[in-house]
Amino acid sequence: MKTRTILLSTLAAMALGASGATAEGIKVGMITTLSGGGAGLGIDVRDGFDLALKMAGASDVEVIVEDDQQKPDIAVQIADKMIQSDQVDVLTGIIWSNLAMAVVPAAVAQGKFYLSPNAGPSPLAGAGCDKNYFNVAWQNDNLHEAAGAYANSAGYKNSFMLAPNYPAGTDAITGYKRFYTGAAAGEVYTQLGQTDYAAEIAQIRASGADSVFFFLPGGMGIAFMKQYAESGVDIPLVGPAFSFDQNILQAVGDAALGVHNTSQWNKDLDNPANKAFVEAFQAEYGRLPSLYASQGFDTANLLLSAKAKADVGDQDAFRAALEAADFASTRGDFKFGPNHHPIQDIYVREVVKEGDVYTNKVVGVALEDRGDAYAEECKM
Amino acid sequence: MGRVRRMRQAAIVNAAVFALLVAVALAAHVLGAPYVVTLATKAAIFAMAGVGLNLALGYGGMVSFGHAAFFGIGGYVTGIFASHAAAGTPVLTLPFTVAGSAEMLGIWPMVMVVTALAAMVIGALSLRTTGVYFIMVTLAFAQMVYYFAISWRAYGGEDGLSFYVRNSFPGLNTFAPIQFFAIAAALLALAMGFVALVTRSRFGLALQAARANPQRVMASGIRPFALRLTAFVLSAVIVGLAGSLYADLNRFVSPAMLSWHMSGEIMVFVILGGVGRLAGPVAGAGVFILLEQVLGGVSDYWQALLGLLLLAIVLYAPGGILGLLPGGRRHV
Amino acid sequence: MLLAEQALNGLQYGMMLFLMAAGLTLVFGVMGLINLAHGSLYMLGAYACAWVAAATGSFALGLAASLAAAAAAGAVVEVAVIRRLYARDHLEQVLATFALILVFSEGTRWVFGSFPLYLTLPGALSGAVTLPGGLQYPLFRLAIIATGAAVALGLWLLIGRTRLGIRIRAGEADREMVAALGVDIARLYTMVFALGAALAGLAGALVGTIQSVQVGMGEPVLILAFVVIVIGGIGSIKGAFVAALLVGLTDALGKALLPSLFARVMEASAANGIGAALGSMLIYILMAAVLIWRPEGLYGARA
């Protein structure tokens, strides 16, 4: 941890005098993915965030949005620009864990607040946590842990596990196994970005598993589910919400029907904040909101709740106001743990068809008031 | 028409392009726009990668679609040394102990050695082929390195490797944008000077002759293979150093530096500016970054506009940007 | 049993690669052009199929649309851009067609949005069938294998037995001669390019049906298609066919066998990681090995 101190003092020295805080308003820098294949997630986060500001009529929050193209080096450069030139007070918006790992440590070391609307890599929840870093979504392992808990309650004893061969993929399987108590019928890592799963499906067929846990975000999940449905293998699937998101389900179609997945949010959660959000989002953008949109919306409302209590120039007061998490979350109960990561319920959802729209409905709670496995390592 | 006069004109253009880059950075520094200085630094680094590739591509006629491998290897060597220095652990213990380092002057020689070794292996095997086969086999080697980096968990795999603190340089504060720019610009100038010297040396003339007419060179008792391999290795070392600077710029390396997109981008800088012209990659990288910034503000779909512009340049200005200036198109 | 299924998977993957590679290698052989935008035509075919299938409810119409749209786009691009590049060197072709990728990808995103499109199988082709020996295998993948084989046969007949084929072969051998014989070279080139584009569009539609239809789907396939034509020898349809199957089988069998091979000498999860990594490098290793052994590829006549 010696380096960290050096880093902090160097960067803090650089950032001296570089605070853009005006008396009342807040300047927010949003770095998110708006072009290329992963753009859908960034657009939803941005739209959810904007909607919350609009509904609150918050005209004194200035948001600067920049596209990171899903490239870590571009994200780092945008962060430099927002901190050096635009002198923002708060950064947010990053979708991908690898981009967050490249940007967040340097940003918080320069005295900026960072509110994560999506990525929750484990180092930032554990030893690398920071007093100015707040995660408003989940720690990366959470939804996988919930999938493991669900597998137990569904009576699965022999799971086949599938994830891409990259750090978030290994974390997914680790997270699943943290709660899942049965045996492993197989554990396979696929190439990142792979779209043909014939080989893996052949292994699943030969494995004798009673359930398949998979974490394949984006296009990978679409491809896998469609091919799985065609293969004639009928072992039940379990997975985190990322492959069953509102935007993706329409592309998967019938292949996803009936699959159970885990999420901290769903559009049918019965609380006033969520009802207002779902209605307003549809009215504003003409589509159903996704998980990511809800996270962007909650992030903005957290920010607004802190702004109402404290001036961002007074960092200690503003931080305390963020820690209180005094806002109406679309997920219902929401509070921060000691490492500034959420403590929240994680639900089990089932994919259903309403009219001709594929969507999810909540069928149970997988984990109640779940924090994360890394909080103990966090020394703030 | 004077060959000397043409050469003098070319020298003026080269100096002017470089001076423009430095002037932009200085003006931005004085006017208090540190981000523009950072952008100029990025342009200088990409330009240096382009200058390196140009040695193989423009002068040696070796169209390598795999130079991202050297850019990325340079970056990874930097990241690995810096992260070990931060953690206080050695990089290697067997067969001999190599300590980590957070000094640019300590890291650069390592970068040069490692990229040169990699280029010797890749070059020796790839140069057995020519033409499109050479393009594709260099790509294949770069893809192997890329997939290797993705699955190398010890150094972050797909997530990449952050080292948070820029490496240091004696007498300078590398965190100050303008001082880091000075380092990048100085290395770029050195690289340009080196390439200028090489291309005018007996070796360089033989290399260019081997591109134009291999039979004649062979008849005079020189093996084109040895010439080309040497040029390929020198080219890779320059690109590797650029990769090292790029890692320092971002305090971060990832497999993206090794991807075929990166190889394509370095190639775009060279072609955009003008193949086989010393300052071509500098103009190319500068204009590319300018376009990225300007068009990015116009629309979310700015890459389509960028594509149309690139297309127009290829179709209507085949000598690249510098081909539009006096001195005319260089004959390839 | 697992091995047999993987072999079929490799065969199907190889056929798909062949559909892509055939167009690329034809265009290179006849016109001497490196076309990086071939993957964009693949994407276009998938989008056309998804859009028409959704609008009309007919998968067959969607497939027809993919062929038509990709061929039309190919012809337009050839006349507007590609035609000016034949006389240029490979470098400029690479840059221009790289620019075309940017235009196509972002243009598609602008028209169809950033989210993947829905494209699924008609009932008649969905589900699995039981093969002799008791192996269950998806019917649609068998259909892809059949399509690939039919296209290979068709191309063989086209090039070997028709007037167009004679002109194509003549064009490869000696451009000036063909022009002197009164063949309209410009039209011949447009037709060859459109044919290659149509095959790419078909591949995109077929693959989009079992995978996902999204922006950028063409790029990984493009690189593999290049690997295939280089291994096979540029310009050779036969080489492309053999190499496509070789690459498909190497990839499928390598990914299936390597992890279990490594598992014999090391701990399971490490073996999985290394096996998966080596599995994805395997085809590039194959390509480098082939080129070092035969610098012009398996069936290449000239460099």
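What counts and how
- Residues numbered from 1 in each chain as written.
- Chains lettered and ligands numbered in written order.
- Predicted model: local features only at pLDDT ≥ 70, side-chain atom pairs only at ≥ 80, totals over all residues.
- Helix = DSSP H or I, 4+ residues; strand = E, 2+ residues; numbered from the N terminus.
- Rg over C-alpha atoms; globule rule 2.2 N^0.38 Å.
- Buried ≥ 20, exposed ≤ 12 C-beta atoms within 10 Å, placed from the backbone.
- Contact = placed C-beta atoms within 7 Å.
- Pairing = 2+ DSSP bridges.
- Right-handed = clockwise from strand over helix to strand, strands pointing away.
- Nonpolar A, V, L, I, M, F, W, Y, C, P; charged D, E, K, R; others polar.
- Axes fitted to C-alpha atoms, helices over the stretch in contact; angles between N-to-C directions.
- Left-handed = near helix turned anticlockwise from the far one by under 90°.
- Domains from an automatic or database assignment.
- pLDDT = per-residue confidence, 0-100.
- Parallel < 35°, antiparallel > 145°, perpendicular 65-115°, else oblique.
- Core = buried A, V, L, I, M, F, W, Y, C linked by C-beta atoms within 7 Å.
- Expected span 1.5 Å × (residues − 1).

### Digging into the overall build of chain A
Inference 1: Each helix and strand counted, chain A has 13 helices and 13 strands in total.
Inference 2: By the compact-globule yardstick of 21 Å for 380 residues, chain A fits well, its C-alpha radius of gyration being 20 Å.
Inference 3: Expressed as lengths along the three principal axes of its C-alpha atoms, the size of chain A is roughly 65 × 50 × 35 Å.
Inference 4: Here chain A holds 380 residues, and 63% of them are scored as buried.
Inference 5: Within chain A, counting contacts between residues at least 6 apart in sequence, those at least 24 apart form 71% of the total.

### Observations concerning the pairing of strand β4 (residues 113–116) of chain A
Residue and element names in this part refer to chain A.
Inference 1: Both faces of β4 are covered, namely the face carrying Phe113 and Leu115 and the face carrying Tyr114 and Ser116.
Inference 2: When strand β3 (residues 90–92) meets β4, the two strands line up parallel, connected through three bridges. Across the sheet, residue Val90 finds its bridge partner in β4, namely Phe113.
Inference 3: Where the polypeptide runs from β3 across helix α4 (residues 97–109) and back to β4, its parallel neighbour, the crossover connection is right-handed.
Inference 4: Bridging between β4 and strand β5 (residues 133–135) involves three bridges; their strand directions are parallel. Bridging from a neighbouring strand, Ser116 pairs with Asn135 of β5.

### What about the interface of chain B and chain C?
Inference 1: Contact residues are listed per partner, giving 37 residues for chain B and 40 residues for chain C.
Inference 2: Within the residue set of the side of chain B that touches chain C, elements represented by two or more residues are α5 (131–150), α10 (260–273) and α12 (302–316) of chain B.
Inference 3: Here the side of chain B that touches chain C takes twelve residues from α5 of chain B, the largest share from any one element.
Inference 4: Partitioning the side of chain B that touches chain C into residue classes produces 27 nonpolar, eight polar and two charged.

### Considering the packing of helix α1 (residues 2–31) of chain C against helix α9 (residues 218–232) of chain C
Residue and element names in this part refer to chain C.
Inference 1: Between α1 and α9, the shortest axis-to-axis distance is 9 Å and the interhelical angle comes to 65 degrees. Crossing handedness for the pair α1 and α9: right-handed. Residues Leu17, Met20, Ala21, Leu24, Thr25 and Phe28 of α1 lie in contact with α9, whose contacting residues are Val221, Leu224, Ala225, Phe226, Val228 and Ile229.
Inference 2: Of the residues in the contact of α1 with α9, the class split is eleven nonpolar, one polar and no charged.

### Some words on the interface of chain A and chain C
Inference 1: Contacts between chain A and chain C engage 32 residues on the former and 36 residues on the latter.
Inference 2: Top contributing element to the side of chain A that touches chain C by residue count: helix α9 (residues 219–230) of chain A, with six residues.
Inference 3: The residue makeup of the side of chain A that touches chain C, split by class, is twelve nonpolar, 16 polar and four charged.

### Considerations on the domain arrangement of chain A
Residues and elements named next belong to chain A.
Inference 1: Segmentation of chain A into domains returns domain 1 (2–138 + 270–340) and domain 2 (142–263 + 346–376).
Inference 2: Between the C-alpha centres of domain 1 and domain 2 there is a distance of 28 Å.
Inference 3: Contacts between the two partners involve 15 residues from domain 1 and, on the opposite side, 16 residues from domain 2.
Inference 4: Each residue belonging to the side of domain 1 that touches domain 2 can be placed in one class, and the counts come to six nonpolar, nine polar and no charged.

### Observations concerning the confidence of the model for chain C
Residues and elements named next belong to chain C.
Inference 1: Residue-level pLDDT values for chain C average 86, and 97% of them are 70 or greater.
Inference 2: Within chain C, the element-level pLDDT minimum falls on helix α7 (residues 175–180), averaging 72, and the maximum on helix α3 (residues 59–80), averaging 94.
Inference 3: Two summary scores accompany this predicted model of the complex, namely pTM at 0.84 and ipTM at 0.81.

### Focus: the packing of helix α3 (residues 68–87) of chain B against α5 of chain B
Residue and element names in this part refer to chain B.
Inference 1: Between α3 and α5, the least distance of the axes is 9 Å, while the angle of their chain directions is 30 degrees. In this view, α3 runs roughly parallel relative to α5, as classed from their interaxial angle. Touching Ala68, Ala69, Gly72, Ile73 and Tyr76 of α3 are Phe141, Ala142, Val145 and Ala149, all from α5.
Inference 2: Partitioned by chemical class, the residues of the contact of α3 with α5 number eight nonpolar, one polar and no charged.

### Description of the sheet that holds β3 of chain A
Strand pairing in a sheet is mediated by backbone hydrogen bonds. Such pairs are either parallel or antiparallel.
Residue and element names in this part refer to chain A.
Inference 1: Spatially, five strands are ordered β2-β1-β3-β4-β5 in an open sheet, and the strand pairing comes out parallel. Either end of the sheet is taken by a strand with one partner, and the two such strands are β2 (61–67) and β5. Pairs of neighbouring strands in the sheet enclose a mean axial angle of 20 degrees, with direction left out of account.
Inference 2: Sitting on the sheet, helix α3 (residues 72–86) is in contact with β1 (26–32), β2 and β3, with an inclination near 165 degrees to β1.

### Observations regarding the confidence of the model for chain A
The predicted structure's coordinates, where accompanied by low pLDDT, should not be read in detail.
Inference 1: Averaged over every residue, the pLDDT of chain A is 89; residues scoring 70 or more account for 93%.
Inference 2: Low confidence marks residues 1–23 of chain A, where pLDDT is under 50. Its contacts with residues over four positions away, or in another chain, come to 29 contacts.

### Some points on the nonpolar core
Inference 1: Core analysis: the biggest nonpolar cluster contains 353 residues, and Val103 of chain A, Ala44 and Met48 of chain B together with Leu17, Ala21, Ala225 and Val228 of chain C have the highest contact counts within it.
Inference 2: Viewed by domain, this core spans two of them, domain 1 (2–138 + 270–340) and domain 2 (142–263 + 346–376) of chain A, each represented by three or more residues.
Inference 3: Excluding anything up to four places from it in sequence, Ala225 of chain C contacts Leu17, Met20, Ala21, Leu24 and His38 of chain C.

### Brief notes about the environment of Ala149 of chain B
Inference 1: Tracing the chain through its elements places Ala149 of chain B in helix α5.
Inference 2: In this structure, the C-alpha to C-alpha distance between Ala149 of chain B and Ser254 of chain B, residues 105 residues apart in sequence, is 8.1 Å.

### Quick look at α1 of chain C
Inference 1: Spanning 30 residues, α1 of chain C covers 43 Å between terminal C-alpha atoms, matching the ideal 44 Å at 1.5 Å per step.
Inference 2: Of all the 30 residues making up α1 of chain C, 26 are buried; the element is thus mostly covered by neighbouring parts of the structure.

### Here's the deal with unusual backbone geometry
Inference 1: Phi is positive for Gln87 of chain A, which is not a glycine, with a value near 50 degrees.
Inference 2: Among the secondary structure elements, Gln87 of chain A is positioned in the loop between α3 and β3.
Inference 3: At Arg251 of chain B, a position not held by glycine, the phi torsion is positive, near 50 degrees.
Inference 4: Its place among the elements puts Arg251 of chain B in the loop between α9 (224–250) and β2 (252–253).
Inference 5: A tally of 23 C-beta atoms within 10 Å means that Arg251 of chain B is categorised as buried.

### Considerations on the environment of Ile95 of chain A
All names here are of chain A.
Inference 1: Note that Ile95 resides in the loop between β3 and α4.
Inference 2: Given 26 C-beta atoms within a 10 Å radius, Ile95 is considered buried.
Inference 3: Remark: the alpha-carbon pair of Ile95 and Val63, spanning 32 residues in sequence, is separated by 17 Å.

### A few points about α9 of chain B
All names here are of chain B.
Inference 1: Along its 27 residues, α9 runs 39 Å from first to last C-alpha, staying within 8% of the 39 Å computed at 1.5 Å per residue.
Inference 2: With 23 of 27 residues buried, α9 lies mostly within the body of the structure.
Inference 3: Where α9 terminates, the next one or two residues include Arg251, which has phi positive at roughly 50 degrees.

### Points about the pairing of β1 of chain A
All names here are of chain A.
Inference 1: Most of β1 sits inside the fold, with seven of its seven residues counted as buried.
Inference 2: Of the two faces of β1, the one carrying Ile26, Val28, Met30 and Thr32 and the one carrying Lys27, Gly29 and Ile31 are both buried.
Inference 3: Pairing of β1 with β2 involves seven bridges; the strand directions are parallel. From the neighbouring strand, Met30 faces β2, where its bridge partner is Val65.
Inference 4: Pairing geometry for β1 and β3, over three bridges, is parallel. Each bridged residue has a counterpart across the sheet, and for Gly29 the counterpart in β3 is Leu91.

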